[in-house]
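Residue-level structure breakdown
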Amino acid sequence: VADYICRYPEVEYYYWPSSKMITCGPALSFVRRLLRRKIITLDSLEDSKLCRCLSTVDLIALGVGSTLGAGVYVLAGEVAKADSGPSIVLSFLIAALASVMAGLCYAEFGARVPKTGSAYLYTYVTVGELWAFITGWNLILSYVIGTSSVARAWSGTFDELLGKQIGYFFRTYFRMNYSGLAEYPDFFAVCLILLLAGLLSFGVKESAWVNKVFTAVNILVLLFVMISGFVKGDMNNWKKTEEFLINYTVYIENLSSPENVTSAFGVGGFMPYGFTGTLAGAATCFYAFIGFDCIATTGEEVKNPQKAIPIGIVTSLLVCFMAYFGVSAALTLMMPYYLIDEKSPLPVAFEYVGWGPAKYVVAVGSLCALSTSLLGSMFPLPRILFAMARDGLLFRFLAKVSKRQSPVAATLTAGCISGKLGTFRSCLIGT
């Protein structure tokens, strides 16, 4: 009977338990619609309303910019001091290998299904509509929260450079005393998001050009950090003995004798916390490589997607690993890992080696990194909305494109939602 129902689902079937008639046809049809998969044909691969103008270099810059955010200026210090010590370079290597595995999966899907939608589309093609709908909404929430968080971080960093004058003004005249909301509405963050949304609405080619400029500045600053670290570095910082660390523990804790005292900073050497600490650091460093997936949303805007998307993903991950590896090595060479400042490691390290003014170069790089990270969070969000709207899973007006072949309705909608969330919510900063 079950086999017959599966062969002829369009027929309505009935059975009569307790003299009640129950229809099975609509239920089977509903289940089939939930599990139906999207069919991609050769004709649909060429049919696109979006502008195919991005090159492989544009994709690499987009992937590097969104992945190599402000975390490179902070994360290395946190992991080196708490988990890995100088072996943080191995932590980044392990994390990079794991990220490459995920990147190769995205590259395979991007070559086989070069359409806009990223993980949402891949789920729709392979698993079904229900799971694609859930995946799409997960991506939307992730990108909205990421955009709002990075915008607030950009605003906070810029405010720090101005001596917290912006925060003082808004705290004085626009203070909010509500639990769960920010201390004051961050109008600077919402203006930044709306400005970026306007840039993205204007055209993808112009957005890619701006992203390449900020990414280039960020890379130059990181190269300066690496060269400075290798020039002013000291290999003895990777060779601290356990006896030295015990004596230092006695000193900072004001103890009278080093007898029966355990070092608070591991056993010293290249792996002060052992291989377990290196693996723990790798688990944290893995999140530093998140962001390359935005390349997969450009399937309908790149000139040769089946070749450019795989190359863009793998190359961007390689560049990001080299940057993380070099910065973490330079940082732990410039000053001992147990003296690193977790909140501001690079400026403190330059102060330690006597290059205090270099902190302003780091500040410029940090703002550029936040800018590219913000663009990397904002860029894929309208593409996900556009793809879901085109498939009928969201409002149809979100699938409208402008004369410049940009998803303008989805971009402006995404900017308004992210801007509203970033204006009032304070809990997003920690993300």
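Residues numbered from 1 in each chain as written. Predicted model: local features only at pLDDT ≥ 70, side-chain atom pairs only at ≥ 80, totals over all residues. Heavy atoms only, no water.

Bringing the packing of aromatic side chains into the picture now. Considering all chains together, one arrives at 18 aromatic pairs under this definition. Taking 6.5 Å as the distance between ring centres and 70° as the angle between the ring planes, the aromatic pair formed by Phe133 and Trp137 counts as edge-to-face. Taken as a pair, Phe133 and Trp137 lie in helix α8 (residues 129–161) at a separation of 4 residues, close to a single helical turn. We classify Phe133 as partly exposed; its relative accessible area is 33%. Aromatic side chains Phe289 and Tyr324 sit 5.4 Å apart centroid to centroid with 65° between the ring planes, which places their arrangement in the edge-to-face category. Here Phe289, found in the loop between α13 (274–285) and α14 (305–334), pairs with Tyr324, found in helix α14; they are 35 residues apart in sequence, far enough to count as distant. This pair shows no difference in class: Phe289 is buried, exactly as Tyr324 is. Grouping aromatic residues by their ring pairs yields a cluster made of Phe244, Phe265, Tyr273, Tyr337 and Tyr338. The cationic tip of Lys240 hangs over the ring face of Phe244; the distance from NZ or CZ to the ring centre is 4.8 Å. (Phe/Tyr/Trp six-rings, centres within 6.5 Å; stacked < 30°, edge-to-face > 60°. Helix = DSSP H or I, 4+ residues; strand = E, 2+ residues; numbered from the N terminus. Buried < 20%, exposed > 50% of the residue type's maximum accessible area, 1.4 Å probe, protein only. Lys NZ or Arg CZ within 6 Å of the ring centre and 35° of its normal.)

So, about the nonpolar core. The biggest cluster of nonpolar side chains holds 96 residues, and the ones touching the most others in it are Tyr120 and Phe289. It is α14 that contributes the most residues to this core, 11 residues altogether. Among all residues touching Tyr120, those that are not within four sequence positions of it are Ala132, Thr135, Gly136, Leu139, Ala387, Met388, Asp391 and Leu393. (Core = buried A, V, L, I, M, F, W, Y, C linked by side-chain atoms within 4.5 Å. Contact = heavy atoms within 4.5 Å.)

Scored by pLDDT, the chain comes out at a mean of 81, with 89% of its residues at no less than 70. In the model, residues 1–22 has pLDDT below 50 throughout and makes 19 contacts with residues more than four positions away in sequence or in other chains. Predicted confidence for residues 427–431 stays below pLDDT 50, and this span has 7 contacts to residues more than four positions away or in other chains. (pLDDT = per-residue confidence, 0-100.)

Turning next to the side chain of Glu129. Here Glu129 shows up in helix α8. Exposure remark for Glu129: the relative accessible area of 13% places this residue in the buried category.

The interhelical angle for the contact between helix α16 (residues 358–378) and helix α17 (residues 380–390), taken along N-to-C directions, is 0°, at an axis separation of 4 Å. Between α16 and α17, the interaxial angle falls into the category roughly parallel. Only Pro380, Leu381 and Pro382 of α17 make contact with α16, whose side of the interface consists of Leu375, Gly376, Ser377 and Met378. Grouping the amino acids of the contact of α16 with α17 by side-chain chemistry returns 5 nonpolar, 2 polar and no charged. (Axes fitted to C-alpha atoms, helices over the stretch in contact; angles between N-to-C directions. Parallel < 35°, antiparallel > 145°, perpendicular 65-115°, else oblique. Nonpolar A, V, L, I, M, F, W, Y, C, P; charged D, E, K, R; others polar.)

It is worth spelling out the pattern of salt bridges at this point. Applying the stated criterion across every chain, the model contains 6 salt bridges. Across the pair Glu108 and Arg112 runs a salt bridge whose closest N-O atoms are separated by 2.4 Å. Within this pair, Glu108 and its partner Arg112 are both found in helix α6 (residues 88–112), separated by 4 residues, close to a single helical turn. A relative accessible area of 41% places Glu108 in the partly exposed class. You can call Arg112 exposed: its relative accessible area is 62%. (Salt bridge = Lys/Arg side-chain N within 4 Å of Asp/Glu carboxyl O.)

At Ser118, a position not held by glycine, the phi torsion is positive, near 55°. Inspection of the secondary structure puts Ser118 in helix α7 (residues 118–126).

For helix α15 (residues 345–352), every residue scored as buried is listed here: Pro345, Leu346, Pro347, Ala349 and Phe350. Contacts from the buried residues of α15 go to α5 (75–84), α11 (204–232), α14 and α16. The positive-phi residue at the C-terminal boundary of α15 is Gly354, with phi of around 90°.

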